[in-house]
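Coordinate inspection notes
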Amino acid sequence: MIQTKLTAESDAWFLNDSPVSQHSYRRAMQTALEVIQAQFANLDKPYSGVPVNRLASLFRGIEICPEEGSDLETVLRHAGDLVLRHSVAVHHPACAAHLHCPPLTPSLAAEAMISAMNQSMDSWDQSPAATLLEETVIRWLCRLFHFGEGDGVFTSGGTQSNFMGLLLARNHYAHTRFGWNVQKEGLPPNGNQMRILCSEAAHFTVEQSAALLGLGKQAVVPVKTDGDYTIDLRDLDRQLRHMRSTGLHPFAIVATAGTTDFGSIDPLSELGDRARQEGIWLHVDAAYGGALAMSQNHSHRLDGIETADSITVDFHKLFYQPISCGAFLVRDSSSFDRIKLHADYLNPEEDEDLGIPNLVAKSIQTTRRFDALKLFISLRTLGKVHFSRMIDHTLEIARETAGMIDSDEKLESINPTPSLNAVVFRYIPDRTPDEDRLTRQNRINREIRQIMLSSGQAVIAQTKVEGAVCLKLTLLNPRTSLSDVHRILDEIKQIGAQLETQRGECESHVKHAGSTSHYAKLL
Ligand SMILES: *Cc1c(COP(=O)(O)O)cnc(C)c1O
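For the structure given in this document, a descriptive report is provided here. Along each chain, numbering runs from 1 in the same order as the chain's sequence is written. Two thresholds apply to this predicted model, a pLDDT of at least 70 for residue-level local features and 80 or more for giving and counting side-chain atom pairs, whereas whole-chain, interface and lining totals are computed over all residues. Processing note: side-chain calculations cover all non-hydrogen atoms of the structure and skip hydrogens and water entirely.

Things to note about the packing of aromatic side chains
- Pairing of aromatic side chains requires ring centres within 6.5 Å, counting the rings of Phe and Tyr and the six-membered ring of Trp. Pairs whose planes differ by under 30 degrees are stacked, by over 60 edge-to-face, and all others tilted. Under the definition given, this model contains seven aromatic pairs.
- With a centroid separation of 5.6 Å and an interplanar angle of 35°, the aromatic rings of Phe154 and Phe315 are classed as tilted. With Phe154 in strand β1 (residues 151-155) and Phe315 in the loop between β6 (310-314) and β7 (326-330), this residue pair connects regions lying 161 residues apart in the sequence. In this structure, Phe154 and Phe315 share a single accessibility class: buried.
- Pairing Phe319 with Phe387 gives two aromatic rings, centres 6.0 Å apart and planes at 50°, and the pair type is tilted. Of this pair, Phe319 sits in the loop between β6 and β7 while Phe387 sits in helix α13 (residues 372-406), and the two are 68 residues apart along the sequence. Labels follow the DSSP assignment, with helices taken as runs of H or I lasting at least four residues and strands as runs of E lasting at least two, numbered in each case from the N terminus. When a residue's accessible area, from a 1.4 Å probe over protein chains only, is under 20% of the maximum for its type it is buried; when over 50% it is exposed; and in between it is partly exposed.

Looking at the site of the ligand
- A molecule or strand has a residue near it when one of that residue's heavy atoms lies within 4 Å. Taken together, 15 residues lie near the ligand, and Thr159, Asp285, Asp314, His316 and Lys317 sit nearest.
- Contact distances for the ligand include 2.7 Å between an oxygen atom and a side-chain N or O atom of His316.
- Residue-level accessible areas treat just the shown protein chains as cover; the underlying method is Shrake-Rupley with a 1.4 Å probe. With the chains in place, 86% of the 380 Å² that the ligand exposes on its own is no longer accessible.
- Ranked by residue count, the leading element in the shell around the ligand is helix α7 (residues 158-178), at three residues.
- When residues are sorted by character, Ala, Val, Leu, Ile, Met, Phe, Trp, Tyr, Cys and Pro go into the nonpolar class, Asp, Glu, Lys and Arg into the charged class, and all the rest, Gly among them, into the polar class. Counted by class, the shell around the ligand contains three nonpolar, nine polar and three charged residues. Side-chain atoms alone can form a polar contact between residues adjacent in sequence; in general such a contact is a pair of N or O atoms within 3.5 Å, and within protein one must be able to donate a hydrogen while the other accepts it.

Thoughts on helix α6 (residues 128-144)
- For α6, which comprises 17 residues, the first-to-last C-alpha distance of 25 Å matches the rise-based estimate of 24 Å (1.5 Å per residue) to within 8%.
- Taken together, the buried positions of α6 are occupied by Ala130, Thr131, Leu133, Glu134, Val137, Ile138, Leu141, Cys142 and Leu144.
- Throughout, a contact is declared for two residues whenever any of their heavy atoms are within 4.5 Å. The elements touched by buried residues of α6 are β1, β7 and α13.
- Immediately beyond the C-terminal end of α6, within one or two residues, lies His146, with a positive phi of roughly 55°. To estimate how far a helix should reach, multiply one less than its number of residues by 1.5 Å.

What to know about the state of the cysteines
- When two cysteine sulfur atoms lie within 2.5 Å, the pair is treated as a disulfide. Considering all chains together, one arrives at zero disulfides under this definition.
- Cys325 supplies the cysteine sulfur nearest to Cys142, a cysteine that is in no disulfide, at a spacing of 15 Å.

Structural data, given as structure tokens:
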């Protein structure tokens, strides 16, 4: 009796073929849509500007799991007021801090399908069509990067893809050089002599991966960069020679195609030559710059990427996909054998004999989302020409922005000809006799960013270049126009000018980051 009642009630909670279930699903989605649209309806700035302690106080005392539930509409509207309202609006042109993109509408529709179907990519019997679609999209990606016989797998993003690149590289090197099976035997006895080379501008996940792989951060040897923040090949050669002469084992070079701060692209062909000569793995971290492959005008800048052994590419950056969505690609599909483990309950051996794909063997995840669908739907809807135009447009905006900064005497451009979308610069206060110039400049630039975020007017990033605090605009949004950028730069200069007149006092305003009134005075 009790069971029958629960079964009937469950129609309201789980999507199925009953009219009750379909009705609740439609209402739930409709309400969610309304809450989202209400949030967008009055989106005049990228952040509400509510300071951290006031926001935190809104979360205190919330009953997470009451004895009895409430109706979904109330719960959704409450989440809209509490969470959506105080989220950063990635769609806003003044949200320009990180590689954090506005998601394409087709991919949002696809997300609804992905979660409704809830396929899991770890076995064929949990995701038949999804498995084949992921493989098909991966083959397309391999063609895009000229990896003819390659293979790959969708990942949660660049962190996981970079980890996988170095995992395969480590296992491959240990196998071919030491006859050692890391999967079975753990790290080789001389594991602490294994080294990874990457430029000092490489992503921090290279070090993180080395640490996770049991090699330690010491395994990562940073190579100097040239004036354009790409790897200095002479320093690389010097480091390689030094390693050889001291008996170390360089086993991987990580090239970056699109560094986080400057979008710099390392010389891929030259690194490919070095890797081949030295018999070591080349991993290209193209998390950011990989999207250039979609651009008619800029794809040539990835020439040489096909010489890599593995590639990281992220779709939740310049492919405009909702988080998370990335891929890891290998040139030689047998590379995955070095991480293959077998779980009988997921992929019985006889399935493999029948030619049934086994994606879990290529991944470090087990249960895994069907993210390939959203990329597939976006690519088919927009087409290559439109993707190319969007990317070109954002690169153009970044170039013009750098030009605008360069010609402004209160601003200094750090990369006057940006490689991708990132524009790094700083506000230059007038000289004062009473304070060290760099200290003052750093303080004012830091405060500019904090004030902009606290007021919600703009979300911009801060970075450090040779000890100098700099501001950064990452202009990924194809909807951003030059007049939007103009407005942001004007605000930066206004805030900078006000901070200059306040001298030392403003330090105390920042210390009281909890209170808006201090900022209100400044604005
Ligand atoms: C974003 C990024 C990463 C990290 O990727 P996630 O998707 O955030 O895990 C790694 N490398 C580069 C160059 C990146 O831009």
